[in-house]
Number of protein chains: 2
Amino acid sequence: MPPAPLSRSGKSRRTTDSPISYFIQKALETPGLISFAAGLVDEGSLPVEEVGAAVAGIVADPLTGRAALQYGSTQGLPELREQVLQLVCDADGVRPSDVNLTADDVCITTGSQQLLYLLGEVLFDPGDIVITEAPSYFVFHSLLQSHGAKVLTVPLDEHGMRMDALESLLERLRRSGDLARVKVIYTVDYFQNPTGLTLAVDRRAKLVELARQYSTNHRIIVLEDAAYRELRFTGADLPSVKRFDPKNEFVVYTSTFSKPCSPGLKTGYALMPPDVMAPLLHLKGSHDFGSGNLSQHVASRLIASGAYAKHAEHLRNVYRKKRDLMVQALETEFRDFPAARWTVPAGGFYVWLTFDGIDTGPDGPLVPAALEAGVLYVPGQFGHVFDDTDSVPNNECRLCFGVATEDQIPEGIRRLRKACAAISAGKREKVKASV
Amino acid sequence: MPPAPLSRSGKSRRTTDSPISYFIQKALETPGLISFAAGLVDEGSLPVEEVGAAVAGIVADPLTGRAALQYGSTQGLPELREQVLQLVCDADGVRPSDVNLTADDVCITTGSQQLLYLLGEVLFDPGDIVITEAPSYFVFHSLLQSHGAKVLTVPLDEHGMRMDALESLLERLRRSGDLARVKVIYTVDYFQNPTGLTLAVDRRAKLVELARQYSTNHRIIVLEDAAYRELRFTGADLPSVKRFDPKNEFVVYTSTFSKPCSPGLKTGYALMPPDVMAPLLHLKGSHDFGSGNLSQHVASRLIASGAYAKHAEHLRNVYRKKRDLMVQALETEFRDFPAARWTVPAGGFYVWLTFDGIDTGPDGPLVPAALEAGVLYVPGQFGHVFDDTDSVPNNECRLCFGVATEDQIPEGIRRLRKACAAISAGKREKVKASV
Ligand SMILES: Cc1ncc(COP(=O)(O)O)c(C=O)c1O
Ligand SMILES: Cc1ncc(COP(=O)(O)O)c(C=O)c1O
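Thresholds applied
Residues numbered from 1 in each chain as written. Chains lettered and ligands numbered in written order. Predicted model: local features only at pLDDT ≥ 70, side-chain atom pairs only at ≥ 80, totals over all residues. Heavy atoms only, no water. Contact = heavy atoms within 4.5 Å. Buried area = accessible area lost by both parts, 1.4 Å probe. Salt bridge = Lys/Arg side-chain N within 4 Å of Asp/Glu carboxyl O. Polar contact = N/O pair within 3.5 Å; in protein donor to acceptor, adjacent residues only side chain to side chain. Least-squares fit on C-alpha atoms with pLDDT ≥ 70 in both. Phe/Tyr/Trp six-rings, centres within 6.5 Å; stacked < 30°, edge-to-face > 60°. Lys NZ or Arg CZ within 6 Å of the ring centre and 35° of its normal. Near = heavy atom within 4 Å. Helix = DSSP H or I, 4+ residues; strand = E, 2+ residues; numbered from the N terminus. Nonpolar A, V, L, I, M, F, W, Y, C, P; charged D, E, K, R; others polar. Areas by Shrake-Rupley, 256 points an atom, 1.4 Å probe, with all protein chains shown as cover. Buried < 20%, exposed > 50% of the residue type's maximum accessible area, 1.4 Å probe, protein only. Pairing = 2+ DSSP bridges. Core = buried A, V, L, I, M, F, W, Y, C linked by side-chain atoms within 4.5 Å. Axes fitted to C-alpha atoms, helices over the stretch in contact; angles between N-to-C directions. Parallel < 35°, antiparallel > 145°, perpendicular 65-115°, else oblique. Expected span 1.5 Å × (residues − 1).

Draft legend 1. Examining the interface of chain B and chain A more closely. At the interface, 82 residues of chain B touch 82 residues of chain A. Both sides together, the interface formed by chain B and chain A hides about 6,400 Å², and carbon and sulfur atoms give 61% of it. The largest share of the area that chain B buries against chain A comes from Leu6, Leu69 and Tyr71 of chain B, three residues that together contribute 12% of it. Counting across the interface, chain B meets chain A through four salt bridges. A salt bridge links Glu121 of chain A to Lys11 of chain B; its shortest N-O distance comes to 3.0 Å. Between the two partners, chain B and chain A, sit 38 residue pairs in polar contact (both at pLDDT 80 or more).

Draft legend 2. The arrangement of the relation of the copies chain B and chain A in detail. Each copy of the sequence occupies a distinct position, and chain B is placed on chain A by a rotation of 180° and an axial shift of 0.0 Å, giving an RMSD of 0.0 Å. Look at the turn and shift together and you get a two-fold axis relating the two. With an isologous cut-off of 70% or more, the 100% of interface residues of chain B that recur at the interface of chain A puts this contact in the isologous class.

Draft legend 3. Representation of the packing of aromatic side chains. Under the defined criterion, the tally for this structure stands at 24 aromatic pairs over all chains. Through a chain of ring-to-ring contacts, the aromatic side chains of Tyr228, Tyr319, Phe349 and Tyr350 of chain A assemble into a single cluster. Residue placement shows Arg204 of chain B over the ring face of Tyr190 of chain B; its charged tip is 4.3 Å from the ring centre. A cation over an aromatic ring shows up here: Lys266 of chain B above the ring of Phe289 of chain A, its NZ or CZ 3.8 Å from the ring centre.

Draft legend 4. Spatial organisation of the site of ligand 2. If you check the shell around ligand 2, you find 15 residues, and the closest are Tyr71 of chain A together with Asp225, Tyr228, Thr256 and Ser258 of chain B. Proximal residues around ligand 2 fall on chains A and B, making this an inter-chain site. Separating an oxygen atom of ligand 2 from a backbone N or O atom of Gln113 of chain B is a distance of 2.9 Å. In the model, an oxygen atom of ligand 2 is placed 2.8 Å from a nitrogen or oxygen of the Asn193 of chain B side chain. Residue contributions to the shell around ligand 2 peak at three residues, all from helix H6 (residues 111–123) of chain B. Of the residues contributing to the shell around ligand 2, the split by class is six nonpolar, six polar and three charged.

Draft legend 5. Summary view of the site of ligand 1. For ligand 1, the set of nearby residues contains 15 residues, the closest of which are Asp225, Tyr228, Thr256 and Ser258 of chain A together with Tyr71 of chain B. Between ligand 1 and the protein, one listed contact pairs an oxygen atom with a side-chain N or O atom of Thr256 of chain A at 2.6 Å. Separating an oxygen atom of ligand 1 from a side-chain N or O atom of Lys259 of chain A is a distance of 2.7 Å. In the complex, the protein chains occlude 97% of the 400 Å² of accessible area that ligand 1 would expose alone.

Draft legend 6. Local environment of the pairing of strand E9 (residues 268–271) of chain A. Residue and element names in this part refer to chain A. The side-chain alternation of E9 yields two buried faces, one formed by Gly268 and Ala270 and the other by Tyr269 and Leu271. Where strand E8 (residues 251–256) lies against E9, four bridges are found, and the strand directions are antiparallel. Across the sheet, Thr254 pairs through a bridge with Ala270, a residue of E9.

Draft legend 7. Molecular detail of the nonpolar core. The biggest cluster of nonpolar side chains holds 169 residues, and the ones touching the most others in it are Phe355 and Leu399 of chain A together with Phe355 and Leu399 of chain B. Once you skip the residues sitting within four places of it in the chain, Phe355 of chain B turns out to touch Phe334, Phe337, Ala339, Ala340, Thr360, Leu366, Asn395, Cys397 and Cys420 of chain B. Listed in part, the 62 residues of the second largest apolar core include Leu6 and Val188 of chain A together with Leu123 and Val139 of chain B.

Draft legend 8. Just the environment of Gly383 of chain B, in detail. Looking at the element boundaries, Gly383 of chain B is found in the loop between strand E13 (378–379) and strand E14 (396–400). Those residues within four positions of Gly383 of chain B in sequence are excluded, and the remaining contacts are Pro135, Ser136, Phe138 and His141 of chain B.

Draft legend 9. Structural detail: the pattern of salt bridges. One pass over the structure, following the stated rule, counts 56 salt bridges over all chains. Residue Lys321 of chain B pairs with Glu406 of chain B through a salt bridge whose shortest N-O separation is 3.1 Å. Taken as a pair, Lys321 of chain B in helix H12 (residues 307–334) and Glu406 of chain B in the loop between E14 and helix H14 (408–434) lie far apart in primary sequence, 85 residues in all. Using a relative accessible area of 44% as the deciding quantity, one classes Lys321 of chain B as partly exposed. Through salt bridges that share partners, Lys11 and Glu121 of chain A together with Lys11 and Glu121 of chain B make up one connected network.

Draft legend 10. Structural view of the sheet that holds strand E11 (residues 350–355) of chain B. Residue and element names in this part refer to chain B. One open sheet accounts for four strands, arranged E10-E11-E14-E13; its pairing is antiparallel. Pairing within the sheet leaves two strands with one partner each, and these edge strands are strand E10 (340–342) and E13. Where E10 meets E11, three bridges bridge the pair, whose relative direction is antiparallel. In the strand pairing of E11, Trp342 is matched with Leu353. Along the sheet, H12 makes contact with E10, E11 and E14, crossing E10 at roughly 165°.

Draft legend 11. Broad picture of the packing of helix H3 (residues 48–60) of chain B against helix H11 (residues 293–305) of chain B. Residue and element names in this part refer to chain B. Packing of H3 against H11 brings their axes to within 9 Å, and their N-to-C directions diverge by 105°. By the angle between their axes, H3 is roughly perpendicular relative to H11. Facing Glu50, Val51, Ala54, Val55, Gly57 and Ile58 of H3, the residues of H11 in contact are His297, Val298, Arg301 and Leu302. Across the contact of H3 with H11, the residue classes tally to six nonpolar, two polar and two charged.

Draft legend 12. Spotlight on the packing of helix H8 (residues 163–176) of chain A against helix H9 (residues 201–214) of chain A. Residue and element names in this part refer to chain A. It is the contact of H8 with H9, at a shortest axis distance of 10 Å, that shows an interaxial angle of 5°. By the angle between their axes, H8 is roughly parallel relative to H9. In this structure, H8 contributes Met163, Leu166, Glu167, Leu170, Glu171 and Arg174 to the contact, and H9 contributes Arg203, Lys206, Leu207, Leu210, Gln213 and Tyr214. Per-class residue counts for the contact of H8 with H9 are six nonpolar, one polar and five charged.

Draft legend 13. Region of the structure containing H11 of chain B. All names here are of chain B. The terminal C-alpha atoms of H11, which comprises 13 residues, lie 18 Å apart, in line with the 18 Å expected from a rise of 1.5 Å per residue. Across the 13 residues of H11, 10 count as buried, placing the element largely inside the fold. Residues of H11 that are buried: Asn293, Leu294, Ser295, Gln296, His297, Val298, Ala299, Ser300, Leu302 and Ile303. Immediately downstream of H11, the backbone of Gly306 shows phi near 85°, a positive value.

Structure below.
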């Protein structure tokens, strides 16, 4: 006799498997497949020697060795918090005091993903509203589903989230009385996952201004996910959204060592207002009372020795080359295919490919045709949420050039072109057959 | 003008700072203080060389180096899951197939703390009931508070959780119709934090039997927290509670590398039924989509090389010595103090000290007297929860001999004795003054 069934929580019942798990699984199971699906980082450039040297340095002295192997604190290693603060402020061209920040406003987390989760836990009750870009980071959407938050979206153009549309949305919510449920505006503002687009500088200032303006009875937090910021390979860095929050009131800035250094450290960080920090740390105390301490010591040592900055510079070259290869391949393969358009990201590792008239969705014809040809992408649809009124576009693909090798990139795009051709031929066949 | 206030979630509003944070803070601020409060591990025996060698081995080959520095999977490193399964089954004297377990039933987490949190998230809605030992692990109580779970307790005797009392409680809940809200029975069954007590073997079988028997309409999960199991320094290992769940249906077994190896790795693990695993992994996908991968590779290599087993053996000697020092000091100092009783743990690092007629609570006289004398303990009260009817004992202390050095242990106990004397003198003064 099977045992009685589990009685799961509401939260668990709201939480489903990530739709892209299926795609990652497919990739693992299909030998020879070129995957533009997984958001993994470039394998060959992982800082193996650097991390080896950092750990060797840490264990060379029993004192530092023991400090790294003991429990750390819930908020994270003080030195690393100082370093992270300095990194972000240097990038923004300010001193910490200019923007009312100290290392007490920094928290270290198990990747930036944990920060996204924890912040949601601090703020969201089921039914609360989160405003995101359309499309946005898939896993953030899963997390909002767990929390029972309702997602409303703002479209992007080539300058990122459209502030006019955000303003209209907020105004509409104000009028309908729903503003009280709006907790967060989420932006992946550097080389967005999934589109590769970046928020323009004037919109950054405007975003904080709108959050402030609509924070009438309660505060609306801007959650700035800068995961890819340090992987810019063209043009000058832009100030963070956080830079426009000089009193440290409205913006939570989060980033990670996963992308510009190593995901194996699974170490992220965030800068936030003190009244967000306190409840977040209380929750983190229950989650784990501190993320991996050894990894934090490694990250700290990599920064202190200069290896971190040097490696990030190296990665910028690695990913620029890969971006170029992908964009060139798209130009070569899809030149005679007017239905295809794609973004050219200035950093990060995502190209967003849009087709007129091809269904790229998980149940459409392109997924099987691409698998047949030996290439995998993530259907753009997964970056969208179905809200009350709209249907979501089903003609977009996320192409990640993070993990595919330089040889695989042009070949993968060729295969994708072949898959498109196969579908078009199939369509012509169908048309012919029905004539 | 200050910004509008945050509007926090119900969960966040339920979550307060851990009461022992204050004590840890006090310890850090008071120079010369001997702390029996913090549950940290022995500093001098941390496996600095071993971890150094493991990382050197990992980075020596670019392939293994890259694998450790890339993202891992949500469930955790397959090799490590195999190893952990084997460790637990070896300790229980069974083959995995005897107890219906494979590596698919193992999950790696950010310390065992994260497992406790995640399992709570899978199962608890506010108002659900969790049965724990009285007293129990402080941080588990905080976590239950976050989840809004209601705690009901079962007393301990020298053989651990009393099964007769558990059975009466379950029966009472059945009669009152509240059984439907009972989700978990939690036991720290080896050298419990905070009492040092261990669950006797016949009670282990009975515990599973009771869970099964009362799982009429839904399953009641036994959460076995075996964090200290590998730190046994007297007597033979006992089979786990999980051992008595041969179909892998009722018991979630969790343990950690923090105690028998290094907390800096912050790597824990759990064995659980498949229908608990699936929703737990969905949630973990939102939390972090996988714990630190480098740490998992380190743990795996330490096990594979035999360094782990050797180090755990070494730690058993370290902690046995410390336990002996503490118990001897208690005998020496409190011989003439009949009001004091203490447990003699067979493993782990906690001694539970009970005084007749001395208020050990955070607002009682012993805390300041002990601080004055230069020693700190955790008031036992924090291990208890106030439920509907009862008041909690305020005459107990948790003494941790984990982090205090061998020199500090006897000196700390001397200071505690001095503090007790000071209070007694104070009491006599008061009596005299009021005569
Ligand atoms: C936009 C964005 N934010 C956050 C993360 C989380 O990464 P990590 O938790 O490794 O820092 C990712 C990873 O893919 C991401 O793309
Ligand atoms: C009983 C018990 N369970 C779980 C934990 C969590 O430890 P970790 O998350 O480091 O594995 C502790 C730590 O003190 C503990 O005492």
